[in-house]
Amino acid sequence: MRKSTGVRRLGIKVMTGVLAAGLVAGLGVPDAARAQFSGAVRVTTGTPAGPTPPTARAAGFQALRVLPLGDSITKGTGSPSRGSYRMALAQRLLRGGMEINYVGSERNGDGADTEHEGHGGWSIDELSAKLDGWLAQAQPDVVLVHAGTNNITRGDGPYVTARMLSAMIDQIRAARPAAYIFVAQIVSSRVPREVAQDRVYNRLIPGLMAAKNDPLITVVDQSSVAGIDLHDLRHPNDFGYAKMAWNWYRAMAPVFHTFGATGANPYAMRTTYRCLAAKVVENGEVHHRTECRTWTLRTVPAEIDGMHRRIRTWQTLRTVKRAYRIRVGGRTQTRTRLVGKWTGPGNLLNL
């Protein structure tokens, strides 16, 4: 497989000082930083291309052209800004020493660089039908693929969906022989039937990609984005998208030899701000609303299979009414007061 070198391919700025020295040396990601990656396991098929000589980088810098490809998750549904993982990923890459330029026919999110090919509700086969035209227009150097959620939702099953994904990756490779392709194991749905099928689908992806023996394909596990990382049944909230950006970055860093402090690891956070959709019945009427709250990872007692254990779980502190009894004038009265109570997310299927 042909490998491309030079500034246009790597899109890494020449900098002065320690950062520049690290980029020129191709130091990659320090082991200490790798150890922080608790979100997923990165699977790389083959050996990534080596660092480009500094003289090539300086000759005529162009930002790396990156095509985010997928469905409503790539578009950013579930985020108020519709920025998806894209804005946070671009910021991390820039802090690590690499500037990118998003390409695509769609625009969503805050900022000037918001292009993508995220199409809400589209399945892999629907994306594939338009893909050749998008690739010809965008001419991407990198393609980020997160696709298959809608195939699972409509009942295609994990094996059919995996075959479609494999064919789509071949389609990208035929059109862009030297492009780096990052293929996601998808975000986990909350719907029980889909959760089981997502797991099978995600387990199939590394083997299918490895069989292609393509050193420019990397599998990125996004399946740890789940539960209260989702705004609704299938779409991440902004914190979930921050996790996705982290996972993409950790996979891209050793390929493009970026390094350094790029921001906090969301998986290491113990207090976060998350927005969750919920269905509320008031006076017999059903209302759908989004509740945004601070969540804290706490250690609490729990009984599991008859055993008393202590587990770590996400909880939020709510203000609730608590009744108490008091004697007034020789008579007992019941009154209420407001108190703080730690609670979990409740029924995440109640949408």
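We now turn to the structure provided with this report. Every value quoted in this text rests on a predicted model; they were computed, and no experiment measured them.

It is worth spelling out the state of the cysteines at this point. Under the criterion given, the structure shown has one disulfide. Disulfide pairing places Cys275 opposite Cys292 at an S-S distance of 2.0 Å. Its torsion about the S-S bond being 115°, the disulfide of Cys275 and Cys292 is classed as right-handed. Here the residue Cys275 occupies a position in strand E9 (residues 271-282), and Cys292 occupies one in strand E10 (residues 285-304), the gap between them amounting to 17 residues.

Turning next to the packing of aromatic side chains. Taken as a whole, this structure holds four aromatic pairs when the rule is applied. With a centroid separation of 4.9 Å and 70° between ring planes, the pair formed by Tyr180 and Phe256 is classed as edge-to-face. Of this pair, Tyr180 sits in strand E7 (residues 180-185) while Phe256 sits in helix H11 (residues 238-256), placing them 76 residues apart in sequence. Here Phe256 falls in the buried class, since its relative accessible area comes to 0%. Taken together, a centroid distance of 6.2 Å and an interplanar angle of 45° make the contact between Phe182 and Phe256 tilted. Of the two residues, Phe182 is situated in strand E7 and Phe256 in helix H11; the sequence distance between them amounts to 74 residues. When sorted by exposure, Phe182 lands in the same class as Phe256, which is buried. Among the aromatic residues, ring-to-ring pairing joins Tyr180, Phe182 and Phe256 into one connected group. Here the guanidinium or amino end of Arg274 rests over the ring plane of Trp314, the centre of that ring lying 4.3 Å away. Arg337 extends its terminal NZ or CZ atom over the ring of Tyr324, reaching a point 4.5 Å from the ring centre.

What follows covers the sheet that holds E10. The antiparallel open sheet is built from four strands, whose spatial order is E9-E10-E11-E12. The open sheet has two free edges, formed respectively by E9 and strand E12 (331-343), since each of these has just one partner strand. Geometrically, the sheet is characterised by an average inter-axis angle of 50° between neighbouring strands, direction not taken into account.

The next subject is the pattern of salt bridges. In total, this model carries 11 salt bridges according to the counting rule given. Here Asp214 makes a salt bridge to Arg173, at a shortest N to O gap of 2.6 Å. Within this pair, whereas Asp214 is found in the loop between helix H10 (192-210) and strand E8 (217-221), its partner Arg173 is found in helix H9 (residues 158-175), the two being separated by 41 residues in sequence. Across the pair, exposure class does not vary: Asp214 and Arg173 are buried alike. Measuring nitrogen to oxygen at the nearest pair gives 2.9 Å for the salt bridge that ties Asp229 to Lys243. With Asp229 in the loop between E8 and H11 and Lys243 in helix H11, this pair connects stretches of sequence that are 14 residues apart. An identical accessibility class is assigned to Asp229 and Lys243; each is buried. When salt bridges that share partners are traced, they join Asp125, Arg154 and Asp156 into one network.

What counts and what doesn't
- Residues numbered from 1 in each chain as written.
- Predicted model: local features only at pLDDT ≥ 70, side-chain atom pairs only at ≥ 80, totals over all residues.
- Heavy atoms only, no water.
- Disulfide = S-S within 2.5 Å.
- Helix = DSSP H or I, 4+ residues; strand = E, 2+ residues; numbered from the N terminus.
- Phe/Tyr/Trp six-rings, centres within 6.5 Å; stacked < 30°, edge-to-face > 60°.
- Buried < 20%, exposed > 50% of the residue type's maximum accessible area, 1.4 Å probe, protein only.
- Lys NZ or Arg CZ within 6 Å of the ring centre and 35° of its normal.
- Pairing = 2+ DSSP bridges.
- Axes fitted to C-alpha atoms, helices over the stretch in contact; angles between N-to-C directions.
- Salt bridge = Lys/Arg side-chain N within 4 Å of Asp/Glu carboxyl O.

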